[in-house]
Amino acid sequence: MIYQRSSQLFAEAEKVIPGGVNSPVRAFKAVGGTPIFVQRAQGAYLYDEDGNRLIDYINSWGPMILGHAYEPVVEAVTERAKLGTSFGMPTELETKIAALAVSMVPNIDKIRFVNSGTEACMSAIRLARGFTKRDKIIKFAGCYHGHSDSFLIAAGSGLSTFGVPNSPGVTEGTAKDTLLARYNDLENVSALIAANPNEIAAIIVEPVAGNMGCVPPLNGFLEGLRELCSANGILLIFDEVMTGFRLAAGGVQELFGIQADIVCFGKVIGGGLPVGAFAAREEIMNYLAPLGPVYQAGTLSGNPLAMAAGLAMLESLNNDRAVFQRLEEKTSYLEAGIRNVLTANSVVFTINRVGSMISVHFDAEPVVDFQSAAKGDNVTFKKFFHGLLNEGIYIAPSAYETWFITDALTYEDLDFTIQAIDKVSKTFK
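Residues numbered from 1 in each chain as written. Predicted model: local features only at pLDDT ≥ 70, side-chain atom pairs only at ≥ 80, totals over all residues. Heavy atoms only, no water.

Topic: the domain arrangement of the protein chain
Note on interface size: it is often stated as the accessible area lost on association of the parts.
Okay, so step 1: When cut into domains, the protein chain gives domain 1 (4-69 + 321-426) and domain 2 (71-319).
Okay, so step 2: For domain 1 and domain 2, the distance between their C-alpha centres works out to 25 Å.
Okay, so step 3: Counting from both sides, the interface comprises 31 residues of domain 1 and, opposite them, 35 residues of domain 2.
Okay, so step 4: Buried area between domain 1 and domain 2, both sides added, is near 2,600 Å², and the carbon and sulfur share of it is 65%. (Domains from an automatic or database assignment. Contact = heavy atoms within 4.5 Å. Buried area = accessible area lost by both parts, 1.4 Å probe.)

Observations regarding the nonpolar core
Okay, so step 1: Counting residues in hydrophobic clusters, the biggest one holds 113 residues, and the most contacted among them are Y57, F140, I203, F245, F384 and W403.
Okay, so step 2: Among the elements that take part in this core, helix α10 (residues 304-319) stands out by supplying 10 residues, more than any other.
Okay, so step 3: No fewer than three residues from each of domain 1 (4-69 + 321-426) and domain 2 (71-319) sit in this core.
Okay, so step 4: When near neighbours in sequence (up to four residues on either side) are disregarded, F140 contacts L180, A181, R182, Y183, V189, I203, I204, V205, F221 and L225.
Okay, so step 5: Within the second largest apolar cluster, 23 residues are counted, among which are V241, I262, L288 and V294. (Core = buried A, V, L, I, M, F, W, Y, C linked by side-chain atoms within 4.5 Å. Buried < 20%, exposed > 50% of the residue type's maximum accessible area, 1.4 Å probe, protein only. Helix = DSSP H or I, 4+ residues; strand = E, 2+ residues; numbered from the N terminus.)

Remarks on helix α7 (residues 221-232)
Okay, so step 1: In a regular helix each residue adds 1.5 Å, so 12 residues correspond to 16 Å; α7 covers 17 Å between its end C-alpha atoms and thus fits that length.
Okay, so step 2: In this fold, the buried residues of α7 make contact with β5 (136-140), α6 (186-195), β9 (200-205), β10 (235-239) and α8 (251-256).
Okay, so step 3: Downstream of α7 by a residue or two, G233 has a phi angle that is positive, lying close to 65°. (Expected span 1.5 Å × (residues − 1).)

Concerning the packing of helix α2 (residues 71-81) against α10
Okay, so step 1: Packing of α2 against α10 brings their axes to within 8 Å, and their N-to-C directions diverge by 150°. Between α2 and α10, the angle falls in the class roughly antiparallel. In this structure, the crossing between α2 and α10 has a hand that is right-handed. In contact with P72, V73, A76, V77, R80 and A81 of α2, α10 contributes P304, L305, A308, A309, A312, M313 and S316.
Okay, so step 2: Grouping the constituent residues of the contact of α2 with α10 by class yields 11 nonpolar, one polar and one charged. (Axes fitted to C-alpha atoms, helices over the stretch in contact; angles between N-to-C directions. Parallel < 35°, antiparallel > 145°, perpendicular 65-115°, else oblique. Left-handed = near helix turned anticlockwise from the far one by under 90°. Nonpolar A, V, L, I, M, F, W, Y, C, P; charged D, E, K, R; others polar.)

Considering the sheet that holds strand β1 (residues 38-42)
In sheet architecture, strand pairing relies on hydrogen bonds along the backbone and comes in two forms, parallel and antiparallel.
Okay, so step 1: Spatially, β1-β2-β3-β15 is the arrangement adopted by the four strands of the open sheet, whose pairing is mixed. The open sheet has two edge strands with one neighbour each: β1 and β15 (393-394). (Pairing = 2+ DSSP bridges.)

Here's the deal with the pattern of salt bridges
Side chains bearing opposite charge may pair, as long as their charged atoms lie close to each other.
Okay, so step 1: Taken as a whole and assessed by the stated rule, the structure comprises 16 salt bridges.
Okay, so step 2: The salt bridge involving K110 is made with E282; its shortest N-O contact spans 3.6 Å. Of the two residues, K110 is situated in strand β4 (residues 110-114) and E282 in helix α9 (residues 282-285); the sequence distance between them amounts to 172 residues.
Okay, so step 3: A relative accessible area of 30% means that K110 is categorised as partly exposed.
Okay, so step 4: Overall, the relative accessible area of 40% leaves E282 in the partly exposed class. (Salt bridge = Lys/Arg side-chain N within 4 Å of Asp/Glu carboxyl O.)

Let's talk about the environment of D422
Okay, so step 1: Here D422 shows up in helix α14 (residues 411-425).
Okay, so step 2: Expressed as a C-alpha distance, the spacing of D422 and A396, which sit 26 residues apart in the sequence, is 18 Å.
Okay, so step 3: For D422, the contacting residues outside a window of four places in its chain are V341 and N345.
Okay, so step 4: At 2.8 Å, the side chain of D422 and the side chain of N345 are in polar contact. (Polar contact = N/O pair within 3.5 Å; in protein donor to acceptor, adjacent residues only side chain to side chain.)

In structure tokens:
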């Protein structure tokens, strides 16, 4: 394919935007080459600035669960924009989408809307610290909760070693209150709790990880976290920015039947516009200002355009619960097809999938945490990525990202993708 226009636009962007992009993964540093600049999108397809059509498997990193330019969302935003785009004052829309979200998700009484998943997770941690009157948190290597300082922490040595910053600009003072654990390792978590008695406010986790590829929780992992939190006065935070309203109408809490204390949302809840949210039972949420002492605010929180888009999306999902079964069936079909062609071509691989989240890892061993995800063959992944791109298929430009399936994909699209993977995998030999 020709990417002349994209190359020109990237060169222009690099002059005025750091690295030419406004989010690092878009720069193609992990795979090489020049980023694709999108002109428009419709349904399951992207159309770039050079006129190429690409089948989209990232779907804006998750929110386009019903396809790009989904008509009810577009109409809702268009009509709402005619009435004004921002007021910094309450609107009825905020109450409507809040009531709908609370009705769809188990174990939450109240919800606060913000502008991004990062902001939702950052605010949830502050709320947990205020509610428990403790300072430390546990997060897991490979789980990404946004770029707030508390989350940009690398591992120290030993189970109880304080974290150290892995981004300049994050202070050691901030880092010392973040403890790093191994995903799917309850013994590791238990040891951290024992080494820091009555100091840990919250454990925050992606209940299905999506930032080291798709990595499901092992049997008993989430249940074990719930038991450890309940036994030690720790709040369990599910970061459902990716999984919320995607894996089930009520997210992972519904899918696995496990209750978190605080849940963070993003992606789907905004219908493609910048929206995040965090929610909990009433006694926790009432600790937020103006009712309680924990402060959180934002001029554009509850922005009417974003609320209109999110409400239209959630109403569509709520009124058509069969969509989650359709997504399961489509993604299962894709998984089976990929397995068949990679096996036939003697490619070493592992596929992880939960619902409509799926990833291909080029390693034979199970991928259960960040350490095992890091063992994948990145040279093969680069060939895989660019091979599919040349066939008109866009997957995440990083081996550490999950694919997101949209209901707009047809089985013809899936068959085309499987055939393209067959063709590309033959070049690995």
